Number of protein chains: 2
Amino acid sequence: MDSITIKNVIKDLETAIGKRKVVYDADIIEKYSKDETSDLYHYPDIVVRAGATEDVSKTLSICSKYIVPVVARGAGTGVTGGAVPVQGGVVLSLELMNRIIEIDRENMVAVVEPGVITGDLQRAVQKEGMMYPPDPASLDSCSIAGNVAEGAGGPRAVKYGTTKDYIIGLEFVLPNGSIINYGGKIVKNATGYNLSGVLVGSEGTLAVITKIFLRLIPLPSHSLDFLIPFKNIDDAVKNVNKIICSRIIPSTIEFMEEDSIKLVSEFLGGEMPFPDAGAHLLIQVDGNSEEDLLKDLESITACVDTDYEIIVAQSRSQSDRIWKARRSMREAIQEKSPIFLAEDCVVPRSMIAVFLREVKDFLNTRNLSSVMFGHAGDGNVHIDVLKKDIDYVEWKKMLPELKENIYKIAIKHGGTISGEHGIGYIRKDFLSLAVSRDEIDLLRRIKHAFDPDMILNPGKIF
Amino acid sequence: MDSITIKNVIKDLETAIGKRKVVYDADIIEKYSKDETSDLYHYPDIVVRAGATEDVSKTLSICSKYIVPVVARGAGTGVTGGAVPVQGGVVLSLELMNRIIEIDRENMVAVVEPGVITGDLQRAVQKEGMMYPPDPASLDSCSIAGNVAEGAGGPRAVKYGTTKDYIIGLEFVLPNGSIINYGGKIVKNATGYNLSGVLVGSEGTLAVITKIFLRLIPLPSHSLDFLIPFKNIDDAVKNVNKIICSRIIPSTIEFMEEDSIKLVSEFLGGEMPFPDAGAHLLIQVDGNSEEDLLKDLESITACVDTDYEIIVAQSRSQSDRIWKARRSMREAIQEKSPIFLAEDCVVPRSMIAVFLREVKDFLNTRNLSSVMFGHAGDGNVHIDVLKKDIDYVEWKKMLPELKENIYKIAIKHGGTISGEHGIGYIRKDFLSLAVSRDEIDLLRRIKHAFDPDMILNPGKIF
């Protein structure tokens, strides 16, 4: 944006929504120059801190008038650069619109503003005996509208699905400022196109979400955690299928392969059970009685085939111990190598082991360390490649080829680039590996239907 | 279509896909002039019976070249005129593309062609110990791609969701003939926009679906049915909430109110239990052991408050007896009045009783008989208004005002026009009651993104 446009936009914004909500001091807007993507920064020219839907609408109208980029932002916890204003312009922060408007126990619906922290929502609905299942790792810092924008998942997706399975209504604002109300406290809707289906996972490129209606479910009263070690990842994956075929869908089935076990065991200094196993499965089952869960455990142990002992958590603290390794993964990685490549490919569940092995083989040819872990129940694999002491410039040069190879292996096995983190900025050059030219053309036309002037989050996805 | 265009299109089609697949004899194409919408007919000019995706692609290219309407059709069981070629042109029948391509037990995915009958798919996956939950009433005659096009639901939606919750991949053809493959055997996907989310419920106006990847779940081994009679519908609805708040989500919670009970009891000639009750709830719970289900039953009976006895089915034949009334509803209505208005509004679950009462009061002011029944668990209410001996011309004149009033009552209570049957042809004049001008504009732009020449199923939705 040239300085005259910036001045005009600021003047119009201040007149429309008040000076207090329009910020352009370098030290304040620094925070809005990045999300949690490693190594990506870009300053916006202006930050708007919206307090209400009307502020969003007015801001978008003004940005449309001047045709300047506008990037909606929740808590900025994304890891693919979705909230980074790579072309400058306006960051439209929704962090102050953080009210839980209503928890409707009778209809089992939560109505929330976009900036509500997902973990806060979960705790609030739990108090009422209900559950909002999606549980991205950034639960305690991410915003619910960010979850909608990214289609966030989490460990519980295997049983409960992802964010898209819970949205029953949205209020959103188009770039021209018009406010649209779709759905509401109704769990079925065959009236016009499925607009929440279009918007979920659209990474802030189609509209700005200002209110969300979420379906809730009854909170299971009990859960049980256990850890099953295996000789190797192939055995672990085979057993995941056996478990699911035994008619039980655990609420989570997380896995860690050998290198991730080693890394985190080193980080935790011996606190970890079975640090010598070739793979761990971390399983949680939930239900409405201890009895039920013990029955599930029995069925699972009956069908699982491993040389190791199964550790069943008998208490909350034992649960925490079992989960500690998985939860410490990111920290352990960061200690080892503050800069790393984080991928979240998805493949058919049965192909996890083959996929991991081929990726590992490829990375070995480059002498690169990596750890792999993730959601065995739904084929969503996290692959973190560690930079360690590789020269920074060298590393940056390597990245495109690394990514391309990993993605190609996923695609070859019927998978795709991203299961939950999205394409954002850092993967957009690779979209055409997974998505045909015709499909990208279609995505662009959908983009155009919502945002004809291309002002919303430009430079993302394609 | 003028006769020269018809001739040219036929010639091009026959050259491209073979004479055998192109039909235009009046007696054969008569079948394609209607679906199950009462009182709606329009002959197509040409019918194409596609045998493969390439046929679909070539047909669409030719229709694009001549800019002629093309209406994709599955089994033609829709009830809002979605498959009726109201502007003539080509009906593209997918009934011959009816192969179950694969049932992948390991990944719990079914891959099917569009013309597969939903009930056939359910039986095939059941044999493998799995379940495809969506269960529209037309199960044994409707096609799976029709379910996708309409976003079909069914009684089990309260626990298992609707068609949209099971689509993980689609092959579809755009009007310009390009074939797009979205998703696959992957249950998570954050790579580009959620195209299956856009297409589900789009009523054949955006693309023609040629292959579907469906997520399956483990088949519960046991189920238990019971019938709870109540004094009136208010009591029934209150108790639905109590049941769900007791942490149990039954696989179905169907209701019938007084007039529907009376009508069907008369039809069945005394075979029906509790014909004098003011409302029935028909509940099914499912799970993996009889024990579990008896526990569910116990929890439910403990929280339910009714003066009547609860009938628990002890055998398959008792189950059938309990369900017979609900399943005979349509037949009973048709016997009483072959012509009737069928609505499927949706309201927040807590508003069902208020909604029904207001609709009943309104219909009483017009001296009209009606029956109401449906899915109490998800607020999706079927309202059938009987023509009986009202003069046909008079009846046709009344319809718009009847519909408008019913829709307005639903909307007033936070609901909308259709929960599962869609807008199609017969409701399109009323879309603007539920959907704002800005939203309709957006829907039109989405339509344009897929179908710039507006050849796909013209005259539907808006």
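Residues numbered from 1 in each chain as written. Chains lettered and ligands numbered in written order. Predicted model: local features only at pLDDT ≥ 70, side-chain atom pairs only at ≥ 80, totals over all residues. Heavy atoms only, no water.

Asks: How should the interface of chain B and chain A be read in this particular structure?
Replies: Accessible area lost during the coming together of the parts is what is often quoted as the interface size. With 83 residues of chain B at the interface, the matching set in chain A holds 83 residues. If you sort the residues of chain B by the area they bury against chain A, Lys188, Tyr193 and Arg247 of chain B come out on top, with a joint share of 16%. The interface formed by chain B and chain A contains six salt bridges. Among the ionic pairs, Lys188 of chain B bridges to Glu420 of chain A, the shortest N-O distance being 2.8 Å. In this assembly, chain B and chain A are joined by 32 residue pairs in polar contact (both at pLDDT 80 or more). For the side of chain B that touches chain A, the element with the highest residue contribution is helix 16 (residues 437-450) of chain B, accounting for nine residues. Here the side of chain B that touches chain A is composed, by residue class, of 35 nonpolar, 29 polar and 19 charged. (Contact = heavy atoms within 4.5 Å. Buried area = accessible area lost by both parts, 1.4 Å probe. Salt bridge = Lys/Arg side-chain N within 4 Å of Asp/Glu carboxyl O. Polar contact = N/O pair within 3.5 Å; in protein donor to acceptor, adjacent residues only side chain to side chain. Helix = DSSP H or I, 4+ residues; strand = E, 2+ residues; numbered from the N terminus. Nonpolar A, V, L, I, M, F, W, Y, C, P; charged D, E, K, R; others polar.)

Asks: Looking at this structure, how should I read the pattern of salt bridges?
Replies: Two side chains bearing opposite charge may form a pair once their charged atoms approach each other closely. Residue and element names in this part refer to chain A. Here the structure, examined in full by the defined rule, presents 64 salt bridges over all chains. Note that Asp140 is salt-bridged to Arg123, the shortest N-O span being 3.1 Å. Highlighted residues: Asp140 in the loop between strand 7 (130-131) and helix 5 (144-150) and Arg123 in helix 4 (residues 118-127), separated in sequence by 17 residues. Residues joined in a network through salt bridges with shared partners are Glu102, Asp104 and Lys185.

Asks: Looking at this model, I keep getting lost on a negative patch on the surface. Mind explaining?
Replies: Among the surface-exposed residues, Glu290 and Glu291 of chain A together with Glu290 and Glu291 of chain B lie close enough to one another that they form a single negatively charged patch. Elements with a contribution of two residues or more to the negative patch: helix 10 (290-303) of chain A together with helix 10 (290-303) of chain B. Considering the arrangement of structural elements, one finds Glu290 of chain B in helix 10. (Patch = residues over 30% accessible without salt bridge, like charges linked within 9 Å, V, L, I, M, F, W, Y side chains within 5 Å. Areas by Shrake-Rupley, 256 points an atom, 1.4 Å probe, with all protein chains shown as cover. Lys, Arg positive; Asp, Glu negative; His and termini not counted. Charge placed at Lys NZ, Arg CZ, Asp CG, Glu CD.)

Asks: Looking at this model, I keep getting lost on the packing of aromatic side chains. Mind explaining?
Replies: The relative placement of two aromatic rings is captured by the distance of their centres and the angle of their planes. All names here are of chain A. According to the stated counting rule, one finds eight aromatic pairs over all chains in the structure shown. Note on Tyr132 and Tyr166: the rings are 5.9 Å apart at their centroids and 75° apart in plane angle, and the pair reads as edge-to-face. One end of the pair, Tyr132, is in the loop between strand 7 and helix 5; the other, Tyr166, is in the loop between helix 6 (157-160) and strand 8 (167-173), with 34 residues separating them in the sequence. We note that Tyr132, like Tyr166, is buried. (Phe/Tyr/Trp six-rings, centres within 6.5 Å; stacked < 30°, edge-to-face > 60°. Buried < 20%, exposed > 50% of the residue type's maximum accessible area, 1.4 Å probe, protein only.)

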